[in-house]
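Coordinate inspection notes
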Amino acid sequence: MLSLVDTPTPHASAATWVDSIAATPQTANTSRSRRSLPQLAQLAKTSNTYLTSTVLHLRDGLTSNQRLAAQHRAENIHLVTQRLRDATRVEEWRAAALELDILEGNEAWKTDNETSEFDAPLIQARLDLLNEARASGDVRRMLYLVRTSLSRGLGGMGNVELYQHSHVGTKDLIESYIDATIETIQRLARTEDKALPPGLDTKDLMEQVVLARQAFGRSALLLSGGATLGMYHIGVLKALFEEKLLPRIISGASAGSIVCSVLCTRTDEEIPDVLRGFPHGNLAVFEEHDREEGALEHIARLLTDGAWIDIKHLTKVMQELLGDMTFQEAYNRTRRILNICVSPSSIYELPRLLNYITSPNVLIWSAVAASCSVPFVFSSAHILAKNPATGEHSPWNPTPLRWIDGSVDNDLPMTSLAEMFNVNHFIVSQVNPHIVPFLSSSAPSLSQPSAFKLNSHLAPLLAPLTRLAKSEALHRLHVLAQLGVLPNICNKARNMLSQKYSGDITILPRVEYRDFVAILKNPTPGFMVRACEAGERATWPLLGRVRNHCSVELELDRAVAELRARAVFGRVEGEGGAHGHGYGGRKGGRPVVDRTCTSVT
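All values derive from a computational prediction rather than experimental measurement.

When the terminal C-alpha atoms of helix 10 (residues 202–216) are compared, their 21 Å separation across 15 residues agrees well with the 21 Å that a helix rising 1.5 Å per residue should span. Buried within helix 10 we find Thr202, Leu205, Met206, Val209, Ala212, Arg213 and Phe216. Buried residues of helix 10, seen end-on, are gathered within an arc of 120 degrees and therefore sit on one face of the element. Seen from the buried face of helix 10, the exposed residues on the opposite side, beyond 90 degrees, are Lys203 and Ala215. The inward-facing, buried residues of helix 10 abut helix 8 (139–149), helix 9 (172–189), strand 1 (218–223), strand 8 (423–429) and helix 24 (543–569).

Rendered as structure tokens:
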């Protein structure tokens, strides 16, 4: 009792109470002593609270009010993060991401240009030149800047680290430069003939913009193989299409060829309905819906035909989806450039990239069937061509050569696309089951979860072990091929291991473990919907980076279309052109200029 009373306390009320107790006569009655027990409990509680507050202050340097505010902020961040993860539409995701950037203080980083991650003075100087030329209305000056100064990675603004500090967008200076560049291109394209300076007409202006587009380069979207996992590509395409950021050049291998062939044979007006109905359509590519084949049937086919699954199911589905359309007919209809990779079954041939240039009369469904012919799963296939005059079908390559899965030799045909179409920027959607567990997403943003749980937990340990195992396997396969031990199989396996499976921007949809079990089963509507949503969610965090890399290129496309129409027909196309889409709204709280993509040759 005395030790408690004599304990010093910093609180005035507690000290007063102690003095009153000390002044109380020792002969106080029992009832008065009992009334003092609650006061003793309150003193102990107050002392404990003060002691705890002192310890916390020494540890974090915060007052009680500051600590309470930090706790409230952490709770808000948790709630907004949950909203971000549960978003079902890009608008919901973007609103939550912007709010999260404000709560985490990322907006201040966007305005700070004192960093070594990019050359801020160079970009600021180019921005000033563009603004001055546009303000003065100097057409020749604007044309000179567009013709000579455009670069996708100017001043290091393509650095992936610039997209790892916030959930939406990057440095304000970079986005201001891109907006100013687009506004300058729009100003040139909409300059009337009478406003052009002497010696410069619309045809000259168009030629200079075409050259600027050629120098700037093009983007391509590459869809990997992956059997049933290839359906995740649908969500990626949907997200890019809805944001008006879908490149004109699209390539697919194996399962990726199924998705890109359906998209590239539809016009912009048809695509929304296709994307909505595709998950619920007929996708019985492995077996008939109402008849599941048994293991004995598969084994018998493997022993007799060398294939586990009959390719007729895939062929039937693709014929229903595509009809007898050829690559040239698809290009004429949509102005998109469809590319499908196929690999030769022989080791003496090189892989081919089929498109409207290399194989204009090839039937797209036959190219898809060949690109999906995984060895030992599907039998190798012939590629068929259509006679433009009679419509008759005949072998495209009248030799015994047959074609197999495009992913075997050339899952991502970057070199061929660069040579044929001047592509220098590659957006990759990667879902190959043997690649996804070991591949890290390019520019993983704060909002983007790892595509596979191994990435976040075991990547530091697995990375060197994977490289070592890969080098050893490549060496062993080379030695076996040189010794003549199954040379065809060994060379194909070496090609699969030595390929590059990522691009400048790599989108990795989050693949669930349960999906690997059904990798050779017909996709169900439930799986299709879930795969589409996963593809969208994987794309949303990278939309800012895709936009900053592609919007200038898309605006150059639109400008060429407008100027060509005016030069040929003496008029300007309607806003957005025949195949264009207007892009409006706000990005990161800032006004966004119209970044329209028009399909042109």
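So much for the structure itself; the text now carries on.
In this structure, Phe376 takes a positive phi of about 75 degrees despite not being glycine. Turning to its location among the elements, Phe376 is positioned in the loop between helix 17 (364–371) and strand 5 (384–386). We note that Leu486 has phi near 45 degrees; this positive angle belongs to a residue other than glycine. Tracing the backbone shows Leu486 in the loop between helix 20 (453–482) and helix 21 (487–498). Residue classification places Leu486 among the exposed residues on the basis of a relative accessible area of 54%.

This next bit is on the pairing of strand 1. In summary, the side chains of a regular strand alternate between the two faces of the sheet. The buried count for strand 1 comes to 6 of 6 residues, which makes it a mostly enclosed element. Of the two faces of strand 1, the one lined by Arg218, Ala220 and Leu222 and the one lined by Ser219, Leu221 and Leu223 are each fully buried. Inspection of the sheet shows strand 1 paired to strand 8 by 6 bridges, in the parallel sense. Across the sheet, Ala220 pairs through a bridge with Phe426, a residue of strand 8. Viewed along the sheet, the connection from strand 1 through helix 11 (residues 233–242) into strand 2 (residues 249–253) turns out right-handed.

Structurally, Leu363 is set in the loop between strand 4 (352–354) and helix 17. Sequence separation between Leu363 and Leu322 is 41 residues; the distance between their C-alpha atoms is 9.1 Å.

A word on the nonpolar core. Met231, Phe327, Ile364 and Leu417 are the most contacted members of the largest nonpolar core, which totals 99 residues. Once residues lying within four places of it in the same chain are set aside, the contact partners of Leu417 are Ala220, Leu222, Ile249, Ser251, Asn339, Leu353, Asn422, Val423 and Phe426. Phe118, Leu188, Ala189 and Leu196 belong to the second largest nonpolar core, which has 38 residues in total.

About the criteria used
Residues numbered from 1 in each chain as written. Predicted model: local features only at pLDDT ≥ 70, side-chain atom pairs only at ≥ 80, totals over all residues. Heavy atoms only, no water. Helix = DSSP H or I, 4+ residues; strand = E, 2+ residues; numbered from the N terminus. Expected span 1.5 Å × (residues − 1). Buried < 20%, exposed > 50% of the residue type's maximum accessible area, 1.4 Å probe, protein only. Arc of directions from axis to C-beta. Contact = heavy atoms within 4.5 Å. Pairing = 2+ DSSP bridges. Right-handed = clockwise from strand over helix to strand, strands pointing away. Core = buried A, V, L, I, M, F, W, Y, C linked by side-chain atoms within 4.5 Å.

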